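Architecture at a glance
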Amino acid sequence: PLGVGVAVGGWVDRDSGTVVEHPLLGWRDVPVRELVGARTGLPVHVDGHARALVDAERLFGRARGSRSLLHLFVGNVVDAAFATHDQVHHGPRSQAGAIAHLPLAGGTEPCDCGRTGCLQAELSERTLCRRARAAGLTDGTNPMHVVAAAADGDAVAVRLLLERARMTGRAAGLLLDVLNPESVVVTEVGAMFRADCLAALRAEVGAER
Ligand SMILES: [Zn+2]
């Protein structure tokens, strides 16, 4: 049967089809299933994007057949999802994977919550782009500009991306210690486009254990 799947960042409650909280979009208790269902007349399934991607990897990706799988998503939002034995773990009100404010060792970035070095403050694309703007690399908020500058050989862009990849590896290491999954999928723009960033990320995960 035809239906609509909606994958969103932030805190998404699958059971009620609601985006409970997405601070960057300014959304609070938005009944996405109801709204999209009313417009389309179709059944609507709503879930957090980190969990939706875990399902995609499990069903179609290289992680197929893996008995336990962790996905760490590092974009503007930073969150995680964990699946074991063909089940993505949601927990009460689908709050599992809300890791935005876990403290990251070595983090220096002030967070909206009042603390310093929270995962999301440290790793978000906003932070990367702000550092890139401070270095005169870009005047925008698109992380692909930093990736492009690095591809053109800009040493500062390369350094910013390597730093972020290392810190992402550190975050992945934290989650690995807690969950011990068979496979890990990391979504992070530097590691997606650059072999040196992927290597830095891997090395940091390895250094943790
Ligand atoms: Zn915080």
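Further up the page is the structure itself.
What comes next is a walk through the structure.

Our focus in this paragraph is the nonpolar core. In this structure, L72, V78, I99, L119, L123 and L161 are the most contacted members of the largest nonpolar core, which totals 32 residues. Elements supplying a minimum of two residues to this core: β6 (68-74), β7 (78-84), α3 (119-123), α4 (125-134), α5 (143-151), α6 (155-179), α7 (189-193) and α8 (195-207). Excluding residues that lie within four positions of it along the chain, I99 makes contacts with L72, V78, D79, A80, L119 and L175. Membership of the second largest hydrophobic core comes to nine residues, among which are A50, V54, A81 and A83.

Moving on to the coordination of the zinc ion. Protein-derived coordination of the zinc ion comes from H101 (ND1), C111 (SG), C113 (SG) and C118 (SG), at a distance range of 2.0 to 2.4 Å. Given four donor atoms and angles of 101 to 117° at the metal, the environment of the zinc ion is assigned as tetrahedral. Linear spacing of the donor residues for the zinc ion on their chain is H-x9-C-x1-C-x4-C. Residue H101 is found in the loop between β8 (87-88) and α3, and its partner C111 is found in the loop between β8 and α3; the two are separated by 10 residues along the sequence. For H101, a relative accessible area of 37% corresponds to the partly exposed category.

Reading across the sheet, the three strands line up as β2-β3-β4 and stay open at both edges, with antiparallel pairing between neighbours. Every other strand in the sheet has two partners, leaving β2 (11-13) and β4 (27-30) as the edge strands with one partner each. Pairs of neighbouring strands in the sheet enclose a mean axial angle of 15°, with direction left out of account. Taken together, the three bridges between β2 and strand β3 (residues 18-22) define a ladder with antiparallel strand orientation. Bridging from a neighbouring strand, V12 pairs with V19 of β3.

Reading the values: the criteria
Residues numbered from 1 in each chain as written. Predicted model: local features only at pLDDT ≥ 70, side-chain atom pairs only at ≥ 80, totals over all residues. Heavy atoms only, no water. Core = buried A, V, L, I, M, F, W, Y, C linked by side-chain atoms within 4.5 Å. Buried < 20%, exposed > 50% of the residue type's maximum accessible area, 1.4 Å probe, protein only. Helix = DSSP H or I, 4+ residues; strand = E, 2+ residues; numbered from the N terminus. Contact = heavy atoms within 4.5 Å. Donors = N, O, S within 2.8 Å, 3.2 Å for Na, K, Ca; no water. Tetrahedral: all angles 85-135°; square planar, octahedral: opposite > 155°, others 65-115°. Pairing = 2+ DSSP bridges. Axes fitted to C-alpha atoms, helices over the stretch in contact; angles between N-to-C directions.

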